[in-house]
Amino acid sequence: LSWTDKNRFSFTTSEMRRFVAMATSSLGPIASNITRKLEEKLKPTAINLINDSSKHSGHYKKDGSAASDAGETHFRLQVVSDAFAGLGPVKRHQLVYGLLSEEFAAGLHALSMDLKTPSEADQKQ
């Protein structure tokens with residue numbers, strides 16, 4: 001498990017299973033839900049979630065939503081999963097948006113995504 005700062009974490013599948021309880025306990029409610037849902041449904045080999053909300057505080061005001069109150073409105077997400085095999089970029093994004101519909105309803109405002117299969121991730125290295 002690699003922590004670079006309080007808003008960014010990255011881990012592989014083996015680390016994920018061992019540390020998921022610890023990792024989600026130190027995250028806010030939106031980040032915890034995102035991580036849990038993606039782990040359960042996509043079985044990722046790698047995941048990286050970065051809370052960029054503080055960078056958007058000037059143009060995105062608190063609106064009383066759960067995400068806004070928790071300071072969790074803007075994220076960058078990187079996921080490597082076999083679940084993306086055979087899906088184009090739009091379908092991959094639609095899949096993740098569908099999994100996180102409750103978080104968007106709770107005030108998640110923006111999610112930048114980089115979604116790859118393991119073979120695509122290997123090619124980029």
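All of the points below concern the structure found in this document. (Residues numbered from 1 in each chain as written. Predicted model: local features only at pLDDT ≥ 70, side-chain atom pairs only at ≥ 80, totals over all residues. Heavy atoms only, no water.)

### Focus: the side chain of Lys116
Right, on to step 1. Among the structural elements, Lys116 can be located in strand E5 (residues 110–116).
Right, on to step 2. Judged by its relative accessible area of 16%, Lys116 falls in the buried class.
Right, on to step 3. Side-chain polar atoms of Lys116 contact the side chain of Asp114, separated by 2.7 Å. (Helix = DSSP H or I, 4+ residues; strand = E, 2+ residues; numbered from the N terminus. Buried < 20%, exposed > 50% of the residue type's maximum accessible area, 1.4 Å probe, protein only. Polar contact = N/O pair within 3.5 Å; in protein donor to acceptor, adjacent residues only side chain to side chain.)

### Thoughts on the packing of helix H2 (residues 29–42) against helix H4 (residues 89–99)
Right, on to step 1. Direction vectors running N to C along H2 and H4 enclose 120 degrees, while the axes themselves pass 10 Å from each other. Of the possible angle classes, the one that applies to H2 and H4 is oblique. Where H2 crosses over H4, the handedness of that crossing is right-handed. Note on element contacts: H4 touches H2 through Leu95, Val96 and Leu99, opposite Lys37, Leu38, Lys41 and Leu42.
Right, on to step 2. Tallied by class, residues from the contact of H2 with H4 come to five nonpolar, no polar and two charged. (Axes fitted to C-alpha atoms, helices over the stretch in contact; angles between N-to-C directions. Parallel < 35°, antiparallel > 145°, perpendicular 65-115°, else oblique. Left-handed = near helix turned anticlockwise from the far one by under 90°. Contact = heavy atoms within 4.5 Å. Nonpolar A, V, L, I, M, F, W, Y, C, P; charged D, E, K, R; others polar.)

### Some remarks on the nonpolar core
Right, on to step 1. In this structure, Ile34, Leu38, Phe75, Leu77, Val79, Val96 and Leu111 are the most contacted members of the largest nonpolar core, which totals 18 residues.
Right, on to step 2. Of all the elements in the fold, those that place two or more residues in this core are H2, strand E3 (46–51), strand E4 (74–80) and E5.
Right, on to step 3. When residues of this core are assigned to their parent elements, the largest contribution, five residues, is made by H2.
Right, on to step 4. Excluding anything up to four places from it in sequence, Leu38 contacts Lys43, Pro44, Ile47, Leu77, Val79, Val96 and Leu99. (Core = buried A, V, L, I, M, F, W, Y, C linked by side-chain atoms within 4.5 Å.)

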